[in-house]
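In case you want the letters, here they are:
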Amino acid sequence: MAAITTKLKTSWSRLLSFCQPPRIPPIHLLPPFSIPPPFRGHTTPFVFRSVRPFSTNPVMGDRVVQELLAEVEREKQMAREERRKAGVALDGEDEDEADYMGVTPLIEKLEKKKVKDLDSVDRFWVPTDSESDDDERFSPDEVKKRLDEFEKKCKRHAELLKNFAESETLDDAHKWMTKIDKFEQRHLKLPLEYRVIGDLMNRLKESTGKERFILLQKLNRAVRLMECKEAYDPNNPANFGVIQHRQIASPEDIVDSAGFDKEKSMIHGASLDEDDEDFSERKEQDDVLIEKLNAIEKILEEKLAELDHTFGKKSRVLEEEIKDLVEERNSLTEKKRRPLYRKGFDVKVIDVNRPCKVTKGGRIAKYTALLATGNYHGVVGFARARGPTANIAIQRAYEKCFQNLHYVERHEEHTIAHAIQAKFEKSKIYLWPGPMRSGMSAGRTVETVLNLAGFRNVKSKIIGSRNPLNVMKALFKALNAIETPKDVQEKFGRTVRRVGCNRRGMMHWQFEMGRSSELLKVVSWLCLVGGVCGIGANWGTQASHPLPPRTVVQMLKDNGIQKVKLFDAEDRTLSALAKTGIQVMVGIPNDMLAGLAANEKAAGRWVSKNVSKYINNGVDIRYVAVGNEPFLETYNGTFLRSTYPALQNIQAALIAAGLSNQVKATVPLNADVYGSSSDKPSGGDFRTDIHDLMLSIVKFLNDNGAPFTVNIYPFISLYNDPNFPVDYAFFEGSPTPLVDGTIMYSNVFDANHDTLIAALQKNGFGNVSIIVGEIGWPTDGDINANPQFAQRFTQGFMNHISNSNGTPLRPGPIDAYLFSLIDEDEKSVQPGNFERHWGIFAYDGSPKYQLNLRTASNSSTLIGARDLKYLDRKWCVLKPSANLDDSEIAPSVSYACGRADCTSLGYKTSCGDLDVRGNISYAFNSYYQKNDQDDRACGFSGLATITEKDPSTTTCKFNIMIDVGSGTSWKTRTLMELSLYLFWYMVLPFTLAFA
């Protein structure tokens, strides 16, 4: 009896040995890429876990054993029936003693299966030099020989590097570098897999956001593939004698079916230093688990040895202990296998439900758990699982959460890029971006998930079913549907927004129809090698004969001007900009500020009429300019109380219209709002009389992500101070630069700009973005206003910003709008006669001077307006017979200049060299041309006459205005259309009603 029992215990031990997984050596994860593992002798950094006939999953193993036991039991029943039919008596007690656990047939089946598996391994056997375990390649002498050879190579490599470092000339350095390259290619060539892993790690250092998430996935897959390949390398001594005994499939099949697509990337943190800590921490955890596994193995061996000499009730107790140890060992093995991708993640329970199923036997209750996980940096996921208890359901959902991870782009690190809606089943969800510090406005489920994803300012609304699972799926559907500017760029082949010149990959280019994609590449390359990205211009319309808006838009396109700043919201101007891709800053005149400040509804109506309407029609409005230089000292505080409230109301109206993410409200301010007590940029601060008001505005702009807009005029410095150094106003360098500590300023623009930077930094807003709203140089109306100085300044400014170096206190690209695009002959001359001559184009769209804007379309000179018609070639001049002493001459000239433009008549101006008759003729002709060459406009008490001979001189041009059909036609047509409208809809119906 004892012998039979001993035999049975031995059989049970053999059964456990079949179910027992092999001892797993520790996994050494890939360290930071320095010296590749192949260069470290024969130590392999990865050890692949060999595939076994039985899974270490306890559930799977139990199912297999139960199926085999059931099959054995069926065979035993069949044997009993055969013996009963044959009349053989059955001795139940002896049968129970012979195999009371029914494991003998099971052992036989397992032995047959093992033999069959070992036979199938021969198909994938990789032949070696020796079929025995004593391979000569891995003998101590051979290993020492290879190690010596490797040390010699390393020593030779170090000598080459030393010679390269000590090279005295470039030729010697190039020679040693060539030798080093050849030596490394021949003796120290990295395997392709390690080069791929190294390249991925180098790219990982500079990547952020979604790109980092994808690179981590690729790196994780590359490491696992390398692990698999090394595990099946027959030349690896760690695999010798192992592969042929445990491999049940080819390495190619294992790699193809490894299920890497189900693995998620490892989320280690924000920097590679944290990754290094994760690798070290994982190694320590593996070491602890290995110690536990070894201890369990030792105890298990002792229990199995004791089982061979134990029987009866005590043996059954011992068998239960052995089963518990096996389960514990398997659970530790599974825990050791888990990849380290959960560090930094937080898990929240969204919902736990208890559904019941009513059957004949009663109610069957199960639990359903819904969990969400995220790392607060854009990675978020969710999962639902069921279980017999709530704890089990939550645990299963926890495991599944990390198999359903999503990456969501966060706009400005705190909100979504745009409003979005999504629907799943009966649940519909709406999401809106919120401004800084506005907080979350959402239900519990949505708020939990958005917080886990790292959002801080989002508004949400759910319509329909509020079932947590449906809401969760609708939310993830909406988050995955959000398109960032980069997504739109990849979708349509063009960028949608430019924040800086080649920074963050965000630029804006607009091309005419028919241009090929190759042109886009050329234009992008031009920007990279020194072009100016996104130069803008101020487009004013205070002219007696303004150019047609569509003609001006074509001029903008032809010259590569991608942004335009408007001073009001004229319908024809904005309509002409629709679907052109030109970014627009639309302005609000100062006289409207009081009304907008006093009434929020008025601000809402203005936004609806002048912003929302045109955005829906395809106008790319980016900014709303609230006022224009409202804090000028010459205004005597007229707009001090209305500017900030108007700004707040406009911003609230943009938020209500859902446009706050696309359109930013700002206030264009003159440079006189700040100054320096030390006359150096470092002493910059805001004006004392408006200091608190400026801080409130700057804080408001910062909170809403809007820029600070400033107008800088170096010409004004020269105009106001006759002793101002002329060279300091330009960009060629000044013989007497301004020294501020360690910084040397050679031009007034950099000094003025950095004074503003210092003022912002001093008050805690050093990171606020800045737009130069107006900068330029006039061409007439003053001694220093001429085309030569204007060309010198404007070209110098374009060259200055083209390299994206910025200013000493704010390096980087400068966002600027030239002032201005076209001359305006109806502007106020209160600041000076030069005020009507700021344009780089004349009144008719002709270039005033050669200018290279350094854009793709304008690489050498300006391109003027095309297809214009002028009035007849005739002028109004003083009669040759007129007497200069005539008493009517003075009032006639005063009348003409009061209603026309005579700002070119002055000391050292373009027409300053005219004689008295020339000055009178110029005044008469200006009035005559402004009135569309009406003969009645050339009377002047009989002093003037019309001539077809051009009275212009080499420096003074007597202008001929644009023809009514192309110049003033849009104003004339407006009046005609209004008259026709009144006639058809008011006068005619009224007349018919009384007819």
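Here, every reference points to the structure presented above.
Residues numbered from 1 in each chain as written. Predicted model: local features only at pLDDT ≥ 70, side-chain atom pairs only at ≥ 80, totals over all residues. Heavy atoms only, no water.

Draft legend 1. The arrangement of the overall build of the chain in detail. Broken down by element type, the chain carries 29 helices and 24 strands. For the chain, the share of sequence-separated contacts (at least 6 apart) that also reach a separation of at least 24 residues comes to 69%. Carbon and sulfur atoms make up 52% of the accessible area of the chain, which amounts to about 52000 Å² in all. (Helix = DSSP H or I, 4+ residues; strand = E, 2+ residues; numbered from the N terminus. Contact = heavy atoms within 4.5 Å. Areas by Shrake-Rupley, 256 points an atom, 1.4 Å probe, with all protein chains shown as cover.)

Draft legend 2. Looking closely at the pattern of salt bridges. Applying the stated criterion across every chain yields a total of 19 salt bridges. The partner of Arg 687 in a salt bridge is Asp 689, with the nearest N and O atoms 2.9 Å apart. Judged by relative accessible area, which is 13%, Arg 687 ranks as buried. With a relative accessible area of 52%, Asp 689 lands in the exposed category. Glu 826 is the partner of Lys 930 in a salt bridge, and the nearest nitrogen-oxygen pair spans 3.7 Å. Here Lys 930, found in helix α28 (residues 916–930), pairs with Glu 826, found in the loop between β22 (815–818) and β23 (875–878); they are 104 residues apart in sequence, far enough to count as distant. Residue classification places Lys 930 among the partly exposed positions, given a relative accessible area of 25%. Look at Glu 826 and you get partly exposed, because its relative accessible area is 35%. Within the structure, one salt-bridge network assembled from shared partners comprises Glu 633, Asp 672, Arg 687 and Asp 689. (Salt bridge = Lys/Arg side-chain N within 4 Å of Asp/Glu carboxyl O. Buried < 20%, exposed > 50% of the residue type's maximum accessible area, 1.4 Å probe, protein only.)

Draft legend 3. Expanded view of the environment of Asp 703. Summarising the element assignment, Asp 703 is placed in helix α23 (residues 691–703). Spatially, the C-alpha atoms of Asp 703 and Val 768 are 9.7 Å apart, while their sequence positions differ by 65 residues. When residues no more than four places from it in sequence are discounted, the contact partners of Asp 703 are Met 436 and Arg 437.

Draft legend 4. Local environment of the nonpolar core. One finds Val 611, Ile 650, Phe 708 and Leu 821 to be the most contacted residues of the largest nonpolar core, which totals 104 residues. Of all hydrophobic cores here, the second largest spans 29 residues; its members include Leu 370, Phe 382, Ile 416 and Leu 431. (Core = buried A, V, L, I, M, F, W, Y, C linked by side-chain atoms within 4.5 Å.)

Draft legend 5. Quick peek at the state of the cysteines. In the structure shown here, the tally under the stated rule is 3 disulfides. The residue that forms a disulfide with Cys 897 is Cys 902, at a sulfur-sulfur distance of 2.3 Å. Its S-S torsion of about -90 degrees marks the bond between Cys 897 and Cys 902 as left-handed, since a negative value means left-handed. What makes Cys 897 partly exposed here is its relative accessible area of 26%. Judged by its relative accessible area of 12%, Cys 902 falls in the buried class. (Disulfide = S-S within 2.5 Å.)

Draft legend 6. Structural context of the sheet that holds strand β9 (residues 458–464). Ordered by their spatial adjacency, 3 strands build an open sheet running β7-β8-β9, and the pairing between neighbours is antiparallel. One side of each edge strand has no neighbouring strand; the edge strands of this open sheet are β7 (420–424) and β9. Mean inter-strand twist for the sheet, computed between neighbouring axes without regard to direction, equals 15 degrees. (Pairing = 2+ DSSP bridges. Axes fitted to C-alpha atoms, helices over the stretch in contact; angles between N-to-C directions.)

Draft legend 7. Local environment of the packing of helix α5 (residues 140–165) against helix α6 (residues 170–187). Contact geometry for α5 and α6: axes closest at 9 Å, N-to-C directions at 160 degrees. The angle between α5 and α6 places the two elements in the roughly antiparallel class. The handedness of the crossing between α5 and α6 comes out as left-handed. Where α5 abuts α6, its residues Lys 153, Arg 156, His 157, Leu 160, Leu 161, Asn 163 and Phe 164 lie against Ala 173, Trp 176, Met 177, Lys 179, Ile 180, Phe 183, Glu 184 and His 187. Taken together, the residues that form the contact of α5 with α6 break down as 8 nonpolar, 3 polar and 4 charged. (Parallel < 35°, antiparallel > 145°, perpendicular 65-115°, else oblique. Left-handed = near helix turned anticlockwise from the far one by under 90°. Nonpolar A, V, L, I, M, F, W, Y, C, P; charged D, E, K, R; others polar.)

Draft legend 8. Up close: the sheet that holds strand β11 (residues 563–566). Reading across from one edge, β14-β13-β12-β11-β10-β22-β21-β18-β15 is the order of the 9 strands in this open sheet, with parallel pairing throughout. At either end of the open sheet lies a strand with only one pairing partner, and these are β14 (664–666) and β15 (668–670). Within the sheet, the average angular offset between the axes of one strand and its neighbour, ignoring direction, is 25 degrees. Strand contacts of helix α21 (residues 600–616): β12 (583–588) and β13 (620–626), with the helix running at about 160 degrees to β13, the strand carrying the most contacts.

Draft legend 9. Focus on the side chain of Asn 670. With respect to the helices and strands, Asn 670 occurs in strand β15. Judged by relative accessible area, which is 15%, Asn 670 ranks as buried. Within the local environment of Asn 670, its side chain forms a polar contact with the side chain of Glu 629, the two groups lying 3.1 Å apart. Apart from the residues lying within four places of it in its own chain, the contact partners of Asn 670 are Glu 629, Leu 632, Val 710, Asn 711 and Tyr 713. (Polar contact = N/O pair within 3.5 Å; in protein donor to acceptor, adjacent residues only side chain to side chain.)

Draft legend 10. Region of the structure containing unusual backbone geometry. Here Phe 819 and Ser 820 are connected by a cis peptide whose omega angle stands at -5 degrees. Structurally, the position occupied by Ser 820 is in the loop between β22 and β23. The residue Gln 933 is not glycine, and still its phi comes out positive at about 60 degrees. Looking at the secondary structure, you find Gln 933 in the loop between α28 and β24 (944–947).

Draft legend 11. Main features of helix α25 (residues 748–762). Between its first and last C-alpha atoms α25 spans 21 Å; for 15 residues at 1.5 Å apiece the expected length is 21 Å, and the two agree. Burial within α25 is extensive, with 13 of its 15 residues counted as buried. Note on α25: the residue one or two positions beyond its end, Gly 764, has a positive phi of about 85 degrees. (Expected span 1.5 Å × (residues − 1).)

Draft legend 12. Spotlight on the pairing of strand β8 (residues 427–433). A one-sided burial pattern is seen for β8, the buried positions being Ser 427, Ile 429, Leu 431 and Pro 433 and the unburied ones Lys 428, Tyr 430 and Trp 432. Sheet topology note: the β7/β8 ladder contains 5 bridges and is antiparallel. Directly across from Gln 421, in β8, lies its bridge partner Tyr 430. Of the pairings in the sheet, the one linking β8 to β9 comprises 7 bridges and is antiparallel in character. Looking at the pairing, Tyr 430 lines up with Lys 461 of β9.

Draft legend 13. Here's a closer look at the packing of helix α27 (residues 889–899) against α28. Taken N-terminus to C-terminus, the directions of α27 and α28 make an angle of 45 degrees; their axes are 9 Å apart at the nearest point. Compared by their axis directions, α27 and α28 come out oblique. You can see that α27 and α28 cross each other, and the crossing is left-handed. From α27, Ile 889, Ser 892, Val 893, Tyr 895, Ala 896, Cys 897 and Arg 899 reach across to α28, where they touch Ile 920, Ala 923, Phe 924, Tyr 927 and Lys 930. Across the contact of α27 with α28, the residue classes break down as 9 nonpolar, 1 polar and 2 charged.

Draft legend 14. A look at a negative patch on the surface. Together, Glu 320, Asp 324, Glu 327 and Glu 328 make up a negatively charged patch on the protein surface. Structurally, the position occupied by Asp 324 is in helix α12 (residues 313–337). Overall, the relative accessible area of 48% leaves Asp 324 in the partly exposed class. (Patch = residues over 30% accessible without salt bridge, like charges linked within 9 Å, V, L, I, M, F, W, Y side chains within 5 Å. Lys, Arg positive; Asp, Glu negative; His and termini not counted. Charge placed at Lys NZ, Arg CZ, Asp CG, Glu CD.)

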